[in-house]
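Listed here are the chains, written in short residue letters.
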Amino acid sequence: MIDKSSPMPIYYQIEEEIKLQITTGILKPGDILKSEREYAEYYQVSRMTIRQAINNLVSQGLIYKRKGSGTYVQEKKIEQGLNGLTSFTEDMKSRGLEPSNRLIHFKLIPATSAIASKLKIDVHTPVYEIKRIRLGDNTPIAIETNIIPANTVKGLTEDIIAKSLYDYIENTLHLKIGKAMQIIESSIATKAEAELLGIAKQSPILLIERETHLADGTPLEIVKSSYRADRYKFMISMNR
Ligand code: GLP
């Protein structure tokens, strides 16, 4: 219960109490929360105070509002370790989710000079540009665009990338994927991204850029992904 004589702000105490109900499973993913009015009556505080607690929990990604319907407990975030070089398909499967893809486009295009210099190929050399929505248990998780040199990853088709790119590279082409450099930064979904991901526009997203090389050092892909920040988080273990 809240303590009105405590120096801790009341909205914060309420926020922590609802958070505790979520982390201990009293409130489960998909459950609807009480309305602002009901909470205000329950705690004997103003609706403004409740609104502040609720808005803080929304920005922490623990709950979300559905227009005209109410506020719900968010599904648990997918936690991805950053210590291994994994594919989206592997990330989903290791969390017990069924991966799938929705193809936005699959093109063979001549490399621009920026792409050519990153992939260490000549300008105008053919590269695949693949844009997919990546889903877990049928929920859109990310939009991903890969640029891949056609001479390195031979014979790519729409059917192959409807499943797993890395699986094809390793188990059909027998190429060894070596290492990648990845940058993660926060951003806000554009209208188009929000529509593809099924989230409200201007929702937070995580932008990820990866440059992957084969074990022999040959550049394999440059990738840009936009992950839903409400469904995804990264975890890294560190030694000292
Ligand atoms: C992740 C990486 C991409 C990689 C992809 C392969 O999403 N960010 O760089 O291309 O996995 O995934 P899959 O093998 O499932 O197609």
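This one's a predicted model, so the numbers in the text were calculated from it and none came from an experiment.

J.: Quick question: what am I supposed to make of the nonpolar core here?
T.: Note on soluble globular proteins: their nonpolar side chains tend to be buried together. The biggest cluster of nonpolar side chains holds 16 residues, and the ones touching the most others in it are Ile14, Ile18, Leu33, Tyr39, Tyr43, Ile50 and Ile54. Elements supplying a minimum of two residues to this core: α1 (10–23), α2 (36–43) and α3 (47–59). Here this core gets 4 residues from one element, more than from any other, and that element is α3. Ignoring anything within four residues of it in the chain, the contact list for Ile14 reads Ile2, Tyr43, Val45, Thr49, Ile50 and Ala53. Counting residues in each nonpolar core, the second largest holds 15 residues, with Ile130, Leu156, Leu165 and Tyr168 among its members.

J.: What should I look at first to understand the UniProt feature "domain: HTH gntR-type" (unreviewed entry) in the protein in this one?
T.: Residues given the UniProt feature "domain: HTH gntR-type" (unreviewed entry) here are residues 8–76. Here residues 8–76 is 51% helix and 12% strand, with 28 Å between the C-alpha atoms at its ends.

J.: Any chance you could explain the packing of α1 against α3 here in plain terms?
T.: In helix packing, the relevant descriptors are the interaxial angle and the interaxial distance, both defined with respect to the helix axes. Between α1 and α3, the least distance of the axes is 8 Å, while the angle of their chain directions is 50°. Regarding the angle of α1 to α3, the classification is oblique. The handedness of the crossing between α1 and α3 is right-handed. Between α1, through Ile10, Tyr11, Ile14, Glu15, Ile18 and Lys19, and α3, the contact on the second element is made entirely by Thr49, Ile50, Gln52, Ala53, Ile54, Asn56 and Leu57.

J.: Please clarify how the sheet that holds strand β8 (residues 204–214) should be interpreted in this entry.
T.: In a beta sheet, neighbouring strands are held together by backbone hydrogen bonds and run either parallel or antiparallel to one another. Reading across from one edge, β4-β5-β6-β9-β8-β7 is the order of the 6 strands in this open sheet, with antiparallel pairing throughout. Each edge of the open sheet is held by one strand with a lone partner, namely β4 (99–110) and β7 (177–188). Within the sheet, the average angular offset between the axes of one strand and its neighbour, ignoring direction, is 15°. Bridging between β7 and β8 involves 11 bridges; their strand directions are antiparallel. Bridging across to β8, Glu185 finds its partner in Leu207.

J.: Just to check I follow, could you spell out the confidence of the model for the protein for this structure?
T.: Segments scoring low in pLDDT should not have their predicted coordinates read at a detailed level. Here the protein averages 94 in pLDDT, and 100% of its residues register 70 or above. Highest mean pLDDT in the protein belongs to helix α7 (residues 165–172) (98); lowest belongs to strand β3 (residues 78–81) (84).

J.: What should I look at first to understand the site of the ligand in this one?
T.: Around the ligand sit 15 residues in total, of which Thr89, Glu144, Ser164, Leu165 and Glu221 are the nearest. One nitrogen or oxygen atom from the main chain of Phe88 is found 2.9 Å from an oxygen atom belonging to the ligand. Between the ligand and Arg134 there is a distance of 3.0 Å, counted from an oxygen atom to a side-chain nitrogen or oxygen. Burial of the ligand by the protein amounts to 99% of the accessible area it has alone, namely 400 Å².

How each quantity is defined
- Throughout, a residue's number is its position along its own chain's written sequence, starting from 1.
- Thresholds applied to this predicted model are a pLDDT of at least 70 for local features of residues and 80 or more for the giving and counting of side-chain atom pairs; totals over whole chains, interfaces and linings are not thresholded and use all residues.
- Here the side-chain values reflect all heavy atoms present in the structure, with hydrogen atoms and water set aside.
- Among buried residues, the Ala, Val, Leu, Ile, Met, Phe, Trp, Tyr and Cys ones that are joined through side-chain atoms within 4.5 Å form a nonpolar core.
- Each residue gets one of three labels from its accessible area relative to the maximum for its type: buried under 20%, exposed over 50%, partly exposed in between, using a 1.4 Å probe on protein chains only.
- Think of it this way: any DSSP run of H or I at least four residues long counts as a helix, any run of E at least two long counts as a strand, and we number them from the N terminus.
- Note on contacts: a residue pair qualifies if any of its non-hydrogen atoms lie within 4.5 Å across the two residues.
- UniProt positions are given in the numbering used here, feature names are shortened, and annotations may be inferred rather than shown by experiment.
- Angles here are taken between N-to-C directions and fall from 0 to 180 degrees, while the axes themselves are lines fitted to C-alpha atoms, restricted in helices to the stretch in contact.
- By the definition adopted for this analysis, an angle is roughly parallel if under 35 degrees, roughly antiparallel if over 145, roughly perpendicular if from 65 to 115, and oblique otherwise.
- If you view the pair so one helix is near and one far, a crossing is left-handed when the near helix is turned anticlockwise from the far one by less than a right angle, and right-handed when it is turned clockwise.
- One bridge is not enough; two strands pair if DSSP finds at least two bridges between them.
- Predictor confidence is given residue by residue as pLDDT, running from a minimum of 0 to a maximum of 100.
- The nearness test applies per residue and asks whether one of its heavy atoms lies within 4 Å of the molecule or strand.
- In protein, a polar contact means a hydrogen-donor-capable atom and an acceptor-capable atom, both N or O and within 3.5 Å, with residues adjacent in sequence counting only if both atoms are side-chain atoms; elsewhere, any N or O pair within 3.5 Å suffices.
- In this description, accessible areas are obtained by the Shrake-Rupley approach with a 1.4 Å probe, and a residue is regarded as covered only by the protein chains that are shown.

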